[in-house]
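Residues per chain, in single letters:
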Amino acid sequence: MTTPTPLDPVARPVRLIVVDDDPLVRAGLTLMLGGADDIDIVGEGADGTEVAGLVDRLRPDVVLMDIRMRAMDGLTATEFLRARPDAPEVIVLTTFHADEQVLRAIRAGAAGFVLKDTPPAQIVDSVRRVAAGDPVLSPAVTRQLMARAAGTGSRDGRADRADRARQRIAALAEREREVAIAVARGRSNAEIAATLYLSVATVKTQVSRILARFDFNNRVQIALLVHDAGLLDDDGAERAT
């Protein structure tokens, strides 16, 4: 019999902190998410300055955090939080589909983002997925962010970024490269396993190796690397090399 992992809902609910400077939004999120049997709202914050103390005291699995707050915005709070050892996962709340700030949050280590007008059931599902180790970006939204990332900076800066990305990808073993490209296409572990004829456990191991090799926090950063290296077409298909 397999021992449940710490984030397995059979073992205990997902511990969640909600951070938003609008008390009505915060109350609505707390009411909505608190209704799920497998999610436990352990704390709330009204500003990014409160996050570190809340995390130290309450030890959440996931922080759901607004981007725009007064004293310390959610981006800065995410960067500080994800730089710490044993940091919880972060989902950023935004009103934009492909905002530069969302890209910055993901590069800082956020597990993804949800729009404030996302249907309640999807927000609940996003918290569950992030707690289980999966990003909450759909393939379509991921491609929007990839395109935005490709367009940022000067032409020389983009070329340098592409060169660095290709060098890092070249350091991967063939199977790791295949898994990285599949992650960038927005596929789940189960979908990658079926496509590459691997077990789900093997896929998880490969993803973990890639994350460790590049000191990444999440799968979205793998997708950014693959995109920066120019290995995907605009429709998410792998380019011939």
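Here is what the cut-offs are and how they apply
- Residues numbered from 1 in each chain as written.
- Predicted model: local features only at pLDDT ≥ 70, side-chain atom pairs only at ≥ 80, totals over all residues.
- Heavy atoms only, no water.
- Buried < 20%, exposed > 50% of the residue type's maximum accessible area, 1.4 Å probe, protein only.
- Helix = DSSP H or I, 4+ residues; strand = E, 2+ residues; numbered from the N terminus.
- Arc of directions from axis to C-beta.
- Contact = heavy atoms within 4.5 Å.
- Pairing = 2+ DSSP bridges.
- Salt bridge = Lys/Arg side-chain N within 4 Å of Asp/Glu carboxyl O.

Draft legend 1. Representation of helix H9 (residues 189-196). Buried residues of H9: Asn189, Ile192, Ala193 and Leu196, and no others. The arc that holds every buried residue of H9, seen down its axis, measures 100°, which confines them to one face. Where H9 is buried, its residues touch helix H8 (174-184), helix H10 (200-214) and helix H11 (219-228). The first or second residue beyond H9 is Tyr197, which carries a positive phi of 60°.

Draft legend 2. Broad picture of unusual backbone geometry. Notably, Arg59 is not glycine yet its phi reads approximately 50°, a positive angle. Tracing the sequence through the fold places Arg59 in the loop between helix H2 (51-58) and strand E3 (62-66). The backbone phi angle of Tyr197 is positive, close to 60°, even though this residue is not glycine. Mapping Tyr197 onto the fold places it in the loop between H9 and H10. We classify Tyr197 as exposed; its relative accessible area is 75%.

Draft legend 3. Representation of the pairing of E3 in the model. Across the five residues that make up E3, a large majority, five, are buried. With burial as the criterion, each face of E3 is covered, one bearing Val62, Leu64 and Asp66 and the other bearing Val63 and Met65. Relative to E3, strand E1 (residues 14-19) runs parallel, the two being bridged by four bridges. Within E3, the residue paired with Leu16 across the bridge is Val62.

Draft legend 4. Geometry of the pattern of salt bridges. Considering all chains together, one arrives at 10 salt bridges under this definition. With a shortest N-O distance of 3.6 Å, Arg161 and Asp228 are connected by a salt bridge. Residue Arg161 is found in helix H7 (residues 155-170), and its partner Asp228 is found in helix H11; the two are separated by 67 residues along the sequence. Here the two residues Arg161 and Asp228 agree in accessibility, since each one is buried.

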